[in-house]
Amino acid sequence: MEILQKPNTMKSSPYVSRRASLTLGLLLSATIAAAQTRITPPPNKYTPEQDVELGLKAAAEARQQLPVMRDDEVTSYVEDIGRRLVAGIPAELRRPEFRYSFEVVNVREINAFALPGGPMFVNRGMVEAARNEGEVAGVMAHELSHVILRHGTAQASKATKYEIGQVAGAILGSIIGGGWGQVVSQGTQFGLGTAFMRFGREFEKQADLEGAQIMARAGYDPRDMANMFRTIERQSGSGGPQWMSDHPNPGNRVDYITKEAQTLRIDNPIRDTRAFERVRGHLSQLSPAPTTEQAVRNARNRSGGGGRTTGTTTTGRAPSGRVQPPSNSYRQFNLGNSIRISVPSNWRQLQDNDSVTFAPDGAYGDYNGQSVFTHGVELGVARNEAHDLQEATDELLDSLSRANPRMSRPGGYDRVNVGNRTGLRAVLSNTSEATGQRENVEVVTTQMRDGSLLYTIAVAPSNEYSSYRGVFNRIVNSIELR
Ligand SMILES: [Zn+2]
């Protein structure tokens, strides 16, 4: 469908003849680009083919970890919406090599994510929370825009300078990739943590505006996208925050989407369709969707546990708890070209996809398919866009506490020095899922030169914290950044 600017100027000149208005219409269509916001995809070091390759890998991982619905009625409905939206992609952003797919995940949180090159996953909870088809299409158009603007690999293009050791090539944008209690593990090169889909406000705004334009072309009203965002914010008590933290509100979201909608022509937009009602009726007949956490646990139990397939931390055993005290001598590690850190010489270096953990024997292992450690320090770099240190640290802690619901919230931050940069520190208390014991969690952060967030997460049982405190300080003080 062709998009024409809503002929505002013609309203003020109702007396033009039909012929004159036809000419006027042609002229207006030439100025349309100025009226719509023109979106330029951000710089990207990857090729579109690499987007496809990475996306397919991550999608295969997603299908192993998440309960994808094999239900024709639901799936073909979402596929139909997806196809309609793909047809609305503007010519200059079409990528013939991309391979779009649309699947529904049987979980209750209001969420959706799309991977580079095209695979999209929409949670059942999203379809259930929407009030009409336009709202479902709104979220999907937003996700589709992240794909065609290639935000995933654009994000990955930014911080290759700070790859960590063998972790090089892994996506650093993944927050808390080290598996310290994360529900969905990071099994692929890109990882499947919600973090991979965490974009900054700039990318979010692009996805909103591009999504609005695609919706209009596909016959939907972009204001339904804004309505869905309102619904998500309203329901933030029951699953909304997940979506909100993956897609932070750039501010004035509803306002600028509404404004963009005014520049687009929308005739008889698709809202309530029989198909929507039918699918909703069908879903209400099924047993309620589990939470993502339950679903992932179930999938792991079915496959015999050990969901994490990479890294050396997978032992299949819970930490034994027999832990030697930290040695007084320290050993230095170089992580990539940019980070140096020293840790007690009797601690091992455990690699994961996107972080490194140093821990003594007996202090690390598996719990419910997740790598855990009871004593030690995890170090990683989380990508984020131009946030200040405090905001980036807030986000890190949000993500940490989502995965660790029994963790306390920080009362505030102490200022510390990390590799001659300003850093923040928070000490939290948690009850370990693996051991059931109280533990102290010390999080220290600083910003790297490119704006990404370097973090350490130090853990010790609460009753041993007094003897680990000095160790953690010494480790943080040893950090050198280049
Ligand atoms: Zn987004």
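So, here's what we can say about the structure. Everything numeric here is computed off the predicted structure, so don't read it as measured data. (Residues numbered from 1 in each chain as written. Predicted model: local features only at pLDDT ≥ 70, side-chain atom pairs only at ≥ 80, totals over all residues. Heavy atoms only, no water.)

1. Some details on the overall build of the chain
Then comes step 1: Across its full length, the chain carries 15 helices and 15 strands.
Then comes step 2: Looking at the chain as a whole, 57% of its 482 residues qualify as buried.
Then comes step 3: In the chain, 70% of the contacts between residues at least 6 apart in sequence involve partners at least 24 apart.
Then comes step 4: Carbon together with sulfur atoms contributes 47% to the accessible area of the chain, which is approximately 20300 Å² in total. (Helix = DSSP H or I, 4+ residues; strand = E, 2+ residues; numbered from the N terminus. Buried < 20%, exposed > 50% of the residue type's maximum accessible area, 1.4 Å probe, protein only. Contact = heavy atoms within 4.5 Å. Areas by Shrake-Rupley, 256 points an atom, 1.4 Å probe, with all protein chains shown as cover.)

2. Section: the sheet that holds strand 5 (residues 339-344)
Then comes step 1: Spatially, 3 strands are ordered 4-5-15 in an open sheet, and the strand pairing comes out antiparallel. Across the chains shown, the open sheet's two edge strands, defined by having one partner strand only, are strand 4 (330-335) and strand 15 (480-481).
Then comes step 2: Pairing analysis gives 2 bridges linking strand 5 to strand 15, with the strands arranged antiparallel. In the sheet register, isoleucine 339 faces strand 15, and the bridge partner there is leucine 481.
Then comes step 3: Against the sheet, helix 15 (residues 465-478) contacts strand 4, strand 5 and strand 15, and its axis sits at roughly 155° relative to strand 5. (Pairing = 2+ DSSP bridges. Axes fitted to C-alpha atoms, helices over the stretch in contact; angles between N-to-C directions.)

3. Some words on the pattern of salt bridges
When the charged atoms of two side chains lie near each other, side chains of opposite charge can form a pair.
Then comes step 1: Scanning all chains against the criterion turns up 17 salt bridges.
Then comes step 2: Residue arginine 278 pairs with glutamate 73 through a salt bridge whose shortest N-O separation is 3.8 Å. Separated by 205 residues along the polypeptide, arginine 278 in helix 12 (residues 274-285) and glutamate 73 in helix 4 (residues 72-87) bring together distant segments of the chain.
Then comes step 3: Between aspartate 267 and arginine 265 there is a salt bridge, with its nearest N and O atoms 3.0 Å apart. (Salt bridge = Lys/Arg side-chain N within 4 Å of Asp/Glu carboxyl O.)

4. Some words on the packing of aromatic side chains
Then comes step 1: All told, the structure shown has 3 aromatic pairs when counted by the stated rule.
Then comes step 2: Judged by centre distance (6.3 Å) and plane angle (65°), the ring pair of phenylalanine 98 and tyrosine 100 falls under edge-to-face.
Then comes step 3: The class for tyrosine 100 is partly exposed, based on a relative accessible area of 22%.
Then comes step 4: Summarising the aromatic geometry, the rings of phenylalanine 113 and phenylalanine 121 are spaced 5.1 Å apart at their centres and angled 25° between planes, so their arrangement reads as stacked. Both residues of the pair, phenylalanine 113 and phenylalanine 121, belong to the buried class. (Phe/Tyr/Trp six-rings, centres within 6.5 Å; stacked < 30°, edge-to-face > 60°.)

5. Considering the sheet that holds strand 3 (residues 119-123)
Then comes step 1: One open sheet accounts for 3 strands, arranged 1-3-2; its pairing is mixed. Pairing within the sheet leaves two strands with one partner each, and these edge strands are strand 1 (101-105) and strand 2 (112-114). Neighbour-to-neighbour, the strand axes of this sheet turn through a mean angle of 15°, independent of strand direction.
Then comes step 2: Here strand 2 runs beside strand 3; their pairing, made up of 3 bridges, is antiparallel. Directly across from phenylalanine 113, in strand 3, lies its bridge partner phenylalanine 121.
Then comes step 3: Along the sheet, helix 3 (residues 48-65) contacts strand 1, strand 2 and strand 3; its crossing angle with strand 3, the most-contacted strand, is approximately 30°.
Then comes step 4: The strands that helix 4 touches are strand 1 and strand 3; relative to strand 1, the one it contacts most, it runs at about 140°.

6. Some words on helix 11 (residues 253-262)
Then comes step 1: Residues Arg253, Tyr256, Ile257, Glu260 and Ala261 constitute the buried set of helix 11. Burial along helix 11 is one-sided: seen end-on, the buried residues are contained in an arc of 145°. (Arc of directions from axis to C-beta.)

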